[in-house]
Amino acid sequence: MADRERFGKLAIIMALAGSAIGLGNIWRFPYIVGEYGGAAFIIVYLLCSLFISLPIFISESIIGRRAGQSTYCALHSLSRGTKWKWLGLVAVAGAFIISSFYSVVGGWSADFMLRAGINGFSSSNPESVSTIFTAMSTSVWEPLLAHTAFLGISILIVVLGIKNGIERFSKISIPLLFVLIVVMMVVSLLLPGAQDGVEYLLKPDFSKLSAKGISCALGQSFFSISHGVGAVLTYSSYMKKSQSILSTSVWTLIFDALFAIIASFVVMPAVFSAGLKPGAGPALVFESIPFIFAKMGTVAPFTARIVSTTFFFTIVVAALTSEISMLEVCVSQLVERMRYSRKKASILVFVAAWIVGALCSLSFGPLSGVSIFGNSIFGLCDRLSSNYFMTLCSLGFAVFVGWKMDRVQVKEEFTNNGTLKPSSAIFNVFYFLIKYIIPPVILLIFFTNLM
Ligand code: PFF
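Values in this document were obtained by computation on a predicted structure and should not be read as measured data.

The rules we used
- Within each chain, residue numbers correspond to sequence positions counted from 1 in written order.
- Under the rules for a predicted model, residues below a pLDDT of 70 receive no local features and side-chain atom pairs below 80 are neither given nor counted, while totals for whole chains, interfaces and linings still include all residues.
- Placing the C-beta atom from the backbone, one calls a residue near a molecule or strand if that atom lies within 6 Å of it.
- Numbering of helices and strands runs from the N terminus, with a helix taken as a DSSP run of H or I at least four residues long and a strand as a DSSP run of E at least two residues long.
- Only Asp, Glu, Lys and Arg are considered charged, only Ala, Val, Leu, Ile, Met, Phe, Trp, Tyr, Cys and Pro nonpolar, and every remaining residue, Gly among them, polar.
- To get an axis, a line is fitted to the C-alpha atoms, and for a helix only the part in contact is used. The angle between two axes follows their N-to-C directions and goes from 0 to 180 degrees.
- Orientation labels follow simple angle bins: below 35 degrees gives roughly parallel, above 145 gives roughly antiparallel, 65 to 115 gives roughly perpendicular, and whatever is left gives oblique.
- The hand of a helix crossing depends on one turn: near helix anticlockwise from the far one by less than a right angle means left-handed, and clockwise means right-handed.
- C-beta atoms are placed from the backbone for every residue, and two residues are taken to be in contact when these atoms lie within 7 Å.
- For this entry, the nonpolar core is defined as buried Ala, Val, Leu, Ile, Met, Phe, Trp, Tyr and Cys residues connected by C-beta atoms within 7 Å.
- The burial criterion counts other C-beta atoms lying within 10 Å of a residue's C-beta, which is placed from the backbone; the residue is buried at 20 or more, exposed at 12 or fewer, and partly exposed between these limits.

Asker: Whenever I open this one, the site of the ligand confuses me. Can you help?
Answerer: Every one of the 16 residues lining the ligand counts as a neighbour, but Gly22, Gly24, Ser226, Ala231 and Ser322 are closest to it. Of all elements in the fold, only helix H1 (9-20), helix H2 (23-35), helix H5 (85-119), helix H10 (211-225) and helix H14 (301-338) reach the threshold of two or more residues within the shell around the ligand. Each residue belonging to the shell around the ligand can be placed in one class, and the counts come to eight nonpolar, eight polar and no charged.

Asker: Teacher, can you tell me more about the packing of helix H7 (residues 141-159) against H14 here?
Answerer: The packing of two helices is summarised by the inter-axis angle and the distance between the axes. Between H7 and H14, whose axes approach to 9 Å, the crossing angle comes to 60°. Judged by the angle between their axes, H7 and H14 are oblique. At the point where H7 passes H14, the crossing takes the right-handed sense. For the pair H7 and H14, the contacting residues are Ile153, Ser154, Ile155, Ile157 and Val158 in the first and Leu320, Glu323, Ile324, Leu327, Glu328 and Val331 in the second. Across the contact of H7 with H14, the residue classes tally to eight nonpolar, one polar and two charged.

Asker: Teacher, can you tell me more about the nonpolar core here?
Answerer: Note that soluble globular proteins tend to have their nonpolar side chains buried in a common cluster. One finds Ile63, Ala95, Val229, Phe293 and Ile315 to be the most contacted residues of the largest nonpolar core, which totals 152 residues. Excluding anything up to four places from it in sequence, Ile63 contacts Ala74, Leu75, Leu78, Leu233, Phe397, Phe400 and Val401.

Asker: When you look at the packing of H5 against helix H16 (residues 377-404) in this model, what are you seeing that I'm missing?
Answerer: Where H5 meets H16, the closest approach of the two axes is 9 Å, and the angle between their N-to-C directions is 145°. Along this stretch, H5 crosses H16, giving a crossing that reads as left-handed. Across from Leu87, Val90, Ala91, Ala93, Gly94, Ile97, Ile98, Ser100, Phe101 and Val104 in H5, the residues of H16 making contact are Phe378, Cys381, Asp382, Leu384, Ser385, Phe389, Met390, Cys393, Gly396 and Phe400. Its residues placed into classes, the contact of H5 with H16 shows 15 nonpolar, four polar and one charged.

Asker: Sorry if this is basic, but what is going on with the environment of Gly81 here?
Answerer: Relative to the elements of secondary structure, Gly81 occurs in the loop between helix H4 (71-78) and H5. Along the backbone, Gly81 and Ser341 are 260 residues apart, and their C-alpha atoms lie at a distance of 27 Å.

Dropping the structure here:
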C-alpha cells in the first residue's frame, strides 16, 4: 500500500489522544469519581489503565501498523483463511454503534454551548435551570437538529482525509483542549468553597470502592482510551514505520488520564462550591453544571456567560475528536473493502449513523416507551457497545496478538525490528500480560458484569 497516507509523528499522538479524550473524560469520569470515592477510584483507574488498557491499546496498534490496513482487512490479511476477520467486523459494528449515540450526546453539548452563549443559563431561579436538560433531551426537533449538525461537522472532517482532515483538526484541537481545560480548572478552583472539592478528590475513600467500582474503573478506562472498536487499529495503520508504538501509546495514555483528572478538578470544586452532591450521576454535566453557572450568573452574569460557553465548547471539541475516529473506522473500511471513494463511503456512513442516532435521540422522547430487553434504544446501544463489543473485541485483539500472531512479528513491531533500545525488556512484560493475564481478567470482569 504505497500510496497510503501517513500521520506525521506528532500528529498520530494528537489523533490518538483526540480519539481518547472525549465525553468519557469530561462527562463520565468526574461523575463516576464522585460515585466511587474520589482519589481511591482514580488510583484504581490509573492502575487498570497502565496494566490492562495500555497493553491492549498496544496490541491493537501492532495489528494496525503491521497490516497497514483498517480493521476488517487488517485481521483478514494477517490471518488468511481463518475466522479472525469477523473480529474486525464486530469491532467496526461497535464503532458504528458508539458513533451513532455519541453524536446525540455531542449534539446535546453543542446545544448547551449555544444556550450558554445566548444567555449563560441566567435565570432568576437557578434551580429551574436543571429542568432545561430534560425538556431539551425529551423534545423531538432540537436534539435531532443538534445531532445532525454534530455528525455533519464530524463527517466533513473525515471526508477531507487523514492529512487534510483528521491530522489538521487534531493538531489544533488537542493543544486547544488542554489550554481550555486548564483555564476552566483555574476558574473553578477560585470559586468560594472549592477547597472541599479538591479535598474530596485528593483524599481516597476506599470504603466506597466496591467490586462494582473496580469493574467500573476498568470499563471506564477501556472506553476512555478507545480500544476495542478498531479506532486505535485504524489510526495506527496510518502510523509511520519508524515511530515507536510503545511511546505513542504511553503518551496517549498520559494525555487521556491527565485530561480526565484535570476535568475532575474543574467539575468537583464547582459542584462543592455550589453546595451540590458529588454523586449526581450522568446528570452532573447537563444539570448540576448549568445550575452552578446560573448561580454564578446572579452575581457576575457576563463572566458566567463566558465561562459556561467555554465549558461546553470544550466538551464539543473533545467529542468531535472522538467522533471522527469512530467514523474513520467505518469509512476506511468501506473504502478498502468495497473500493468506494472516500466521499461515497462518508455519505453512506453519515446516513446510517444519522438514522441510528435519531432513534437513540427519540428514545428520550416519543420513543421512550420502546423497551428492548428492558433497555431504551439509547440504553441498548450504550450497553451493547460498552459492555459487549468493546470488552469482547479488546479480548479478541489481546488473544490475536498473544496467541495467533507470530511472537517474532509482534516483537518486530514493538521494537521496530530491534532498533528501539529499552523495548526488549518491556516487550517481555507486555507479552506476558497480553498472553496470560489480560484475557482471564477481561473474562472475569465480563462475567461479573453479566451477573
Ligand atoms: N474515548 C472516547 C471518550 O472517552 O469519550 C470514546 C470513544 C472514542 C470510544 C472512540 C471508542 C472510540 F473508538
